[in-house]
Amino acid sequence: MKALEVTASITLPDTRVAVVGDLHGNVGWAQVLARTLPSLAPDVTTMLQLGDWQMPPAETDEVFAETGIERIYVTLGNHDRWNEITPLLNRHPGAAVRVSKMTWLLPRPARLTIGGRRVLSVGGAASVDRESRIEGLTWWPDEAITDEHVAAAIAGGSADLMLTHESPAGTPVRPVQRILRTNPHGFPQSALDASASSRARVSEVWDAVRPELLMHGHLHVAGGGKTEDGRRVASFGRDTHEGNLGILDMKTLKVSAPSLAVIRGMADRWEDDYLERERRMKSVAESLHFGALDGKKPSPAATQDARDYVNGRRTLDELIEDVRRRHTRRPEDEA
Ligand SMILES: [Fe+2]
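What you see is a predicted model, and the numbers here were worked out from it, not measured in a lab.

What counts, and at which threshold
Every residue gets a number counted from 1 within its own chain, in the order that chain's sequence is written. Totals for whole chains, interfaces and linings use all residues, but because this is a predicted model, local features are given only for residues with pLDDT of at least 70 and pairs of side-chain atoms are given and counted only at 80 or more. Only runs of H or I of at least four residues qualify as helices and only runs of E of at least two qualify as strands under DSSP, and these elements are numbered from the N terminus. Remark: C-beta atoms are placed from the backbone, and a residue is labelled buried if 20 or more other C-beta atoms sit within 10 Å of its own, exposed if 12 or fewer do, or partly exposed between those counts. Throughout, a residue-residue contact means that the two C-beta atoms, derived from backbone geometry, are no farther apart than 7 Å. At least two DSSP bridges between two strands are needed for those strands to be called paired. Axes here mean lines fitted to C-alpha atoms, for a helix over just the part in contact, with angles spanning 0 to 180 degrees between N-to-C directions. Either an automatic procedure or a domain database provided the assignment from which the domain bounds are taken. When residue character is reported, Ala, Val, Leu, Ile, Met, Phe, Trp, Tyr, Cys and Pro are called nonpolar, Asp, Glu, Lys and Arg charged, and the others, Gly included, polar.

Caption draft 1: Broad picture of the overall build of the protein chain. Each helix and strand counted, the protein chain has 11 helices and 15 strands in total. Taking the principal axes of its C-alpha atoms as reference, the protein chain extends roughly 80 × 40 × 40 Å. Within the span of the protein chain, comprising 335 residues, buried residues form 40% of the whole. If you take every contact in the protein chain between residues at least 6 apart in sequence, the share linking residues at least 24 apart comes to 74%.

Caption draft 2: Examining the sheet that holds strand 8 (residues 110-114) more closely. As summarised here, the arrangement of the seven strands in space is 2-8-9-10-11-13-12, forming an open sheet in which the pairing is mixed. Two strands close off the open sheet at either side, each with one partner strand: strand 2 (10-12) and strand 12 (223-226). Each neighbouring strand pair of the sheet contributes to a mean axis angle of 20°, computed without reference to strand direction. As paired strands, strand 8 and strand 9 (residues 117-122) are joined by five bridges and run antiparallel to one another. Across the sheet, the residue bridging to Ala 110 is Ser 121, located in strand 9. Strand contacts of helix 5 (residues 174-182): strand 12 and strand 13 (232-235), with the helix running at about 100° to strand 12, the strand carrying the most contacts.

Caption draft 3: Structural view of the pairing of strand 11 (residues 213-216). Burial along strand 11 is two-sided: Leu 213 and Met 215 and Leu 214 and His 216, pointing in opposite directions, are all buried. Across three bridges, the pairing between strand 10 (residues 161-164) and strand 11 is parallel. Within the sheet, the bridge partner assigned to Leu 163 lies in strand 11 and is Met 215. Bridge count between strand 11 and strand 13: four bridges; the pairing is parallel. Residue pairing in the sheet places Met 215 in a bridge with Ala 234 of strand 13.

Caption draft 4: View of unusual backbone geometry. Cis rather than trans, the peptide bond between Arg 108 and Pro 109 has omega equal to -5°. Residue placement: Pro 109 occurs in the loop between strand 7 (103-105) and strand 8. In this structure, Asn 183 takes a positive phi of about 45° despite not being glycine. On the secondary structure map, Asn 183 appears in the loop between helix 5 and helix 6 (189-209).

Caption draft 5: Just the domain arrangement of the protein chain, in detail. Each assigned domain of the protein chain is listed here: domain 1 (5-258) and domain 2 (265-334). Here domain 1 and domain 2 have C-alpha centroids that lie 42 Å from each other. Taken together, the contact pairs five residues of domain 1 with four residues of domain 2. Residues that form the side of domain 1 that touches domain 2 fall into these classes: two nonpolar, two polar and one charged.

Caption draft 6: Quick look at the sheet that holds strand 14 (residues 245-249). Judged by pairing direction, the sheet is mixed, and its eight strands sit side by side in the order 1-6-7-5-4-3-14-15 without closing on themselves. Of all strands in the sheet, those with a lone pairing partner are strand 1 (5-7) and strand 15 (254-256), marking the two edges. Across the sheet, the axes of successive neighbouring strands diverge by a mean angle of 25°, strand direction being ignored.

Caption draft 7: Region of interest: the pairing of strand 12. Across four bridges, strand 12 lies against strand 13 in antiparallel orientation. Considered in strand 13, the bridge of Gly 224 is made with Ala 234. The hairpin formed by strand 12 and strand 13 contains five residues between the paired strands, and Gly 230 there has a positive phi angle of roughly 90°.

See the structure below:
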């Protein structure tokens, strides 16, 4: 990964943003989300991702190229490539680093302003499955949220919205409480202790900056809850599971999350529409350049003309005029 751009200040006018939970480098699932977003939220240009990102930077740009998404801010998780990320972030202390056309990795902590709302991001978490991983290869101690991260996050003052990978301790989200209570995967006590202290660190920040809403991933379960003092928490599901995608209204800080069935239905419809668009494009390209085709494939210019027509970017009259101009010499050229 290379730093293509760095910035210490992120201020966006967006009134709605997309929020995505753990992706674990699942490019196929990211494609499903990319096919959903144009119908679900065509106005949305910013994505906030809640860690365990692991997406290859160049493929990320390709996957989201046909959507309105222009920038993705990643609040890093535990299963992210810290061996590459730490040196990159350390070279630009306190700054967000852009690693692809649209992917930005956020430092710990990071402060952003979106739609006039103060946003705090604190990435990292403890891997409860670390005994099955190899240090330096599939697990890195840098994943941990440190006392320094906590102190710096608190020093920045209050926030309206907090983005983390880890859940806070004392979460009001029932499905998360259940997982923490029952340890369904049978993780060992040492890992559970590290995980509990990681949640305590998130809580320390959460209690100090008192955001209206905290959104996190990591537990791989979707759910929402509210504390007695009115702070809301939203836990996002992992890739291919319920609650992996939400649309956040920056004014109300309310999240609407389409069900898995809706996401899959929209993605399927996109595929049908895509095939129909391709069919129409081919026939338009052939009609526009009929005389010159002579059994050959339409030229790239003809394909572009057809795409513009099918997507409603140019009218047929404009295209015909353009084609006429391209294929007609002016008298002064003759001279
Ligand atoms: Fe995860």
